[in-house]
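Given next are the chains, with one letter for each unit.
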Amino acid sequence: MSFEVSSKTLWQEMLLGSSTWSHVLKRGTALRITAGGDHANVGALLLNADNFSERLNLPDTLKAQHIARLTTGAVLYSDMARILCSITDDTLGWHDPLGGCSDAATVAAKYGALDYQAARNDWHQNALDGFLIELAKYGLGPRDLMMNINFFSKVEVKDDGSMAFIEGHAKAGTSVELRAEMNTLVILNTCQHPMDPDPAYRQVPVELAIKRVPAPAADDICRNFRAENARGFTLTERYFL
């Protein structure tokens, strides 16, 4: 696999499947995530890197924009009504904000318990433990967990309120780009979606690239995606005065 590198690219790397990664994405930069294979899933947590008590609020994100999925134009609100990141480009059209993350019990029940001593890098990991390990690097813990996004996964909500995981949604090469509107601690985990019915434990890598981007203009797609977003951008921009 090779990266598509632009003159503005600052960093690029491959994140293996069943791995966790973090970075403070600076205001004025963007993170592009590209599926390195079919059936990718990337769980994500977002926090204000300058004040960890402010973090992603998915209920407000969905309610304010009248959506139940994430795609180009949507913004990711904090619990202070500011915008942590905006989705400025998306080749897939649907990313899941509802399905949560796997834990040790669900992974063991679905795929069997398999530890590092027995399987080395093929051991069966789970997203919850991955998130907690990464949060601990910043002095954070279980009380700092929040609802996570699942990029590259699709979960539909039926009329009766039940949720259905759509298999085969993401293909290799599909991508999504997050523009940082604040200095944002981004934590990613590449374990499988907890609702994925596939009985095989898969480890699908993703490509990560960070680049410089211009500030959102008055005609920015995310600023104008919903009326509430204009207010969110105003609150965020005032934060940096």
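Numbering of residues starts from 1 in each chain and follows the order in which that chain's sequence is written. Where totals are concerned, whole chains, interfaces and linings use all residues; where local detail is concerned, this predicted model gives features only for residues with pLDDT of at least 70, and gives and counts side-chain atom pairs only at 80 or more. To obtain the side-chain values, all non-hydrogen atoms of the structure were included, while hydrogens and water were left out.

Engineer: For the pairing of strand β3 (residues 29-35), give the residues involved together with the corresponding values.
Structural biologist: Regular strands place their side chains on alternate faces of the sheet. With a 1.4 Å probe rolled over the protein chains alone, any residue whose accessible area is under 20% of its type maximum counts as buried; one over 50% counts as exposed, and the rest are partly exposed. To qualify as a helix, a DSSP run of H or I must reach at least 4 residues; to qualify as a strand, a run of E must reach at least 2; elements of each kind are numbered from the N terminus. With six of seven residues buried, β3 lies mostly within the body of the structure. Strand pairing is defined by DSSP finding a minimum of two bridges between the two strands. The sheet contact formed by β3 and strand β12 (residues 206-212) spans seven bridges and is antiparallel. Bridge pairing links Ala30 to Lys211 in β12. One ladder, built from five bridges, connects β3 with strand β10 (residues 175-180); its direction is antiparallel. Looking at the pairing, Thr34 lines up with Ser175 of β10.

Engineer: Which residues make up the nonpolar core, and what values go with them?
Structural biologist: The nonpolar side chains of a soluble globular protein tend to be buried, and buried together. Remark: nonpolar core denotes a set of buried residues (Ala, Val, Leu, Ile, Met, Phe, Trp, Tyr, Cys) joined through side-chain atoms within 4.5 Å. The biggest cluster of nonpolar side chains holds 46 residues, and the ones touching the most others in it are Leu31, Ile33, Phe151, Phe152 and Leu188. With five residues, strand β4 (residues 42-48) is the largest single contributor of residues to this core. In terms of nonpolar packing, the next biggest core, distinct from the first, is built from five residues, Val75, Tyr77, Cys222 and Phe233 among them.

Engineer: Which residues make up the pattern of salt bridges, and what values go with them?
Structural biologist: Here, a salt bridge means any Lys or Arg side-chain nitrogen found within 4 Å of an Asp or Glu carboxyl oxygen. Per the counting criterion, the structure on display carries 14 salt bridges. Its salt-bridge partner being Asp60, residue Lys63 comes within 3.7 Å of it at the nearest N-O pair. Separated by three residues within a single helix, Lys63 and Asp60 lie in helix α1 (residues 58-65), roughly one turn from each other. Its relative accessible area of 59% is what places Lys63 among the exposed residues. Among the ionic pairs, Asp198 bridges to Arg202, the shortest N-O distance being 2.1 Å.

Engineer: Describe the sheet that holds β12, listing the residues and the values that go with them.
Structural biologist: Pairing in this open sheet of six strands is antiparallel, and the strands run β1-β12-β3-β10-β6-β5 from one edge to the other. Across the chains shown, the open sheet's two edge strands, defined by having one partner strand only, are β1 (9-15) and β5 (75-77). Ignoring strand direction, the axes of neighbouring strands in this sheet form an average angle of 20 degrees. Axis definition: a line fitted to C-alpha atoms, limited for helices to the stretch in contact. Angles are taken between N-to-C directions and run from 0 to 180 degrees.

Engineer: Help me get a handle on the environment of Asp129, residues and values and all.
Structural biologist: Within the secondary structure, Asp129 is located in helix α4 (residues 127-136). In sequence terms Asp129 and Ser102 are 27 residues apart; their C-alpha atoms lie 8.8 Å from each other.

Everything listed here is a matter of coordinates, which is why it stays silent on function.
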